[in-house]
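Residues per chain, in single letters:
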Amino acid sequence: MAIITYRDAINQAMAEEIARDSDVFIMGEEVAQYKGAYKVTRGLLEKFGPERIIDAPISEAGFCGLGVGAAMMGLRPVVEFMFWSFCYVAFDQVINNAANIRYMSGGLINIPIVFRGPGNGGTNVGATHSHTPENFVANTPGLKVVCPSTPYDAKGLLKSAIRDNDPVFVMENTLLYGNQGEVPEDDYVIPLGVAEVKKEGSDISLVAHGRCAILCLEAAEVLATEHGINAEVVDLRSIRPLDEETILQSVKKTNRAVLVEENKPFCGVGSQICSIIQEKAFDYLDAPIKRVSSIDAPQIYSMPLEQEQIPNIERIIDTVLEIA
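Residues numbered from 1 in each chain as written. Predicted model: local features only at pLDDT ≥ 70, side-chain atom pairs only at ≥ 80, totals over all residues. Heavy atoms only, no water.

Engineer: Got a minute to help me understand the overall build of the protein in this structure?
Structural biologist: A count of helices and strands for the protein gives 11 helices and 14 strands. Against the 2.2 N^0.38 benchmark of 20 Å for 324 residues, the protein shows a C-alpha radius of gyration of 19 Å, consistent with a compact globule. Along the longest, intermediate and shortest principal axes, the C-alpha atoms of the protein span 55 × 40 × 40 Å. Put simply, the protein has 324 residues, and 57% of those count as buried. Of the contacts made within the protein by residues no fewer than 6 positions apart, 82% connect residues no fewer than 24 positions apart. Summed over all atoms, the accessible surface of the protein reaches about 13,300 Å², with 53% contributed by carbon and sulfur. (Helix = DSSP H or I, 4+ residues; strand = E, 2+ residues; numbered from the N terminus. Rg over C-alpha atoms; globule rule 2.2 N^0.38 Å. Buried < 20%, exposed > 50% of the residue type's maximum accessible area, 1.4 Å probe, protein only. Contact = heavy atoms within 4.5 Å. Areas by Shrake-Rupley, 256 points an atom, 1.4 Å probe, with all protein chains shown as cover.)

Engineer: Is there a simple way to explain the domain arrangement of the protein in this structure?
Structural biologist: One frequent convention defines the size of an interface as the accessible area lost when the parts assemble. The domain boundaries assigned to the protein delineate domain 1 (2-183) and domain 2 (196-323). In this assembly, 29 residues from domain 1 lie in contact with 26 residues from domain 2. Each partner contributes to the roughly 2,100 Å² buried at the junction of domain 1 and domain 2, and carbon and sulfur atoms together form 53% of this total. When the buried area of domain 1 at its contact with domain 2 is split by residue, Asn 124, Asn 135 and Cys 147 rank highest and sum to 24% of it. Our enumeration of links across domain 1 and domain 2 arrives at two salt bridges. Run the count over domain 1 and domain 2 and you get 17 residue pairs in polar contact (both at pLDDT 80 or more). Among the secondary structure elements, those contributing two or more residues to the side of domain 1 that touches domain 2 are helix 5 (134-138), strand 6 (144-146) and helix 6 (151-163). (Domains from an automatic or database assignment. Buried area = accessible area lost by both parts, 1.4 Å probe. Salt bridge = Lys/Arg side-chain N within 4 Å of Asp/Glu carboxyl O. Polar contact = N/O pair within 3.5 Å; in protein donor to acceptor, adjacent residues only side chain to side chain.)

Engineer: Quick question: what am I supposed to make of the packing of aromatic side chains here?
Structural biologist: Note on aromatic pairs: each is described by the distance of the centres and the angle between the planes. In total, this model carries 11 aromatic pairs according to the counting rule given. Aromatic pair Tyr 152 and Tyr 188: ring centres 4.8 Å apart, planes at 10°, arrangement stacked. You can see Tyr 152 sitting in helix 6 and its partner Tyr 188 sitting in the loop between strand 8 (180-183) and strand 9 (196-199), a full 36 residues away along the chain. An aromatic cluster is present here, built from Tyr 6, Tyr 38, Phe 83, Phe 86 and Tyr 177 joined pairwise through their rings. Here Lys 39 stacks its cationic end above the ring of Tyr 34, 3.4 Å away from the centre of that ring. (Phe/Tyr/Trp six-rings, centres within 6.5 Å; stacked < 30°, edge-to-face > 60°. Lys NZ or Arg CZ within 6 Å of the ring centre and 35° of its normal.)

Engineer: Could you clarify how one ought to interpret the packing of helix 8 (residues 244-254) against helix 9 (residues 269-281) in this entry?
Structural biologist: Two numbers describe a pair of packed helices, the interaxial angle and the distance between the axes. Their axes nearest at 10 Å, the elements helix 8 and helix 9 cross at an angle of 60°. Helix 9 is crossed by helix 8, and the crossing has right-handed handedness. In contact with Glu 244, Ile 247, Leu 248, Val 251 and Lys 252 of helix 8, helix 9 contributes Ile 273, Ile 276, Ile 277, Lys 280 and Ala 281. When grouped by side-chain class, the residues that make up the contact of helix 8 with helix 9 number seven nonpolar, no polar and three charged. (Axes fitted to C-alpha atoms, helices over the stretch in contact; angles between N-to-C directions. Left-handed = near helix turned anticlockwise from the far one by under 90°. Nonpolar A, V, L, I, M, F, W, Y, C, P; charged D, E, K, R; others polar.)

Quick look at the structure:
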């Protein structure tokens, strides 16, 4: 095991897959000479050259369309969005075309493409640079969505995504890029659609993904030491496919659930999970399902106010105490 940052775990995953498979290449704004807006692709241009690490013009519609076309021809592009907020410019390419081509071709044409980059708030960059669109993407049949919370998960999930024959959206969080964690030095992958219980517990299930899973772990420590509540933390890791069984097993054990996400509450990921629990584990519930999400408004530019808009430890704890 080596201790590396979340940023370096993503970098390693891409480097290993480029070296392993000659069809893999990286494309996006400033991914080559500038090493990526958040330096995730640093060192890759020097190692693999400009044919594998490609700087694209500032046109998401253009380079995403190019990526989808390349994937149709058998290549495996890894396309970086500088911010996931910019994916909306390319909705026709990524939501309409990438999602539907395999179905509309009767399974004759695969689209092995990865779209990755930071999708989150909390960085004081305003409403047009702070979206968390995993719920939008997961609503579309044909697309897969993963949201890693740790360096270990980031590397393993990204390697699986690159090897997958369908479009996979990898939602990273800018605030996690500097986080450190243990990552195996040997080759490994994490299958898409497999959640992980990050902390065992008996009193309540905290179900989250991405950075919110880390917040839940921190909240669980406070709940244990200050309130005597033993919370279980389920990290979804994958939004679509979704590991329903792990969620249901946890809720059946603890009989309570708080769903935590940075999505806005209306039509969020938590809405779907709430429906699943209601349909398949209702008789096990001893209290209403509660949700903690971003406050339903465009992302606030003020840093102090934005910290209250997105989920935080205090809001998670207060919500748990309402039903514990």
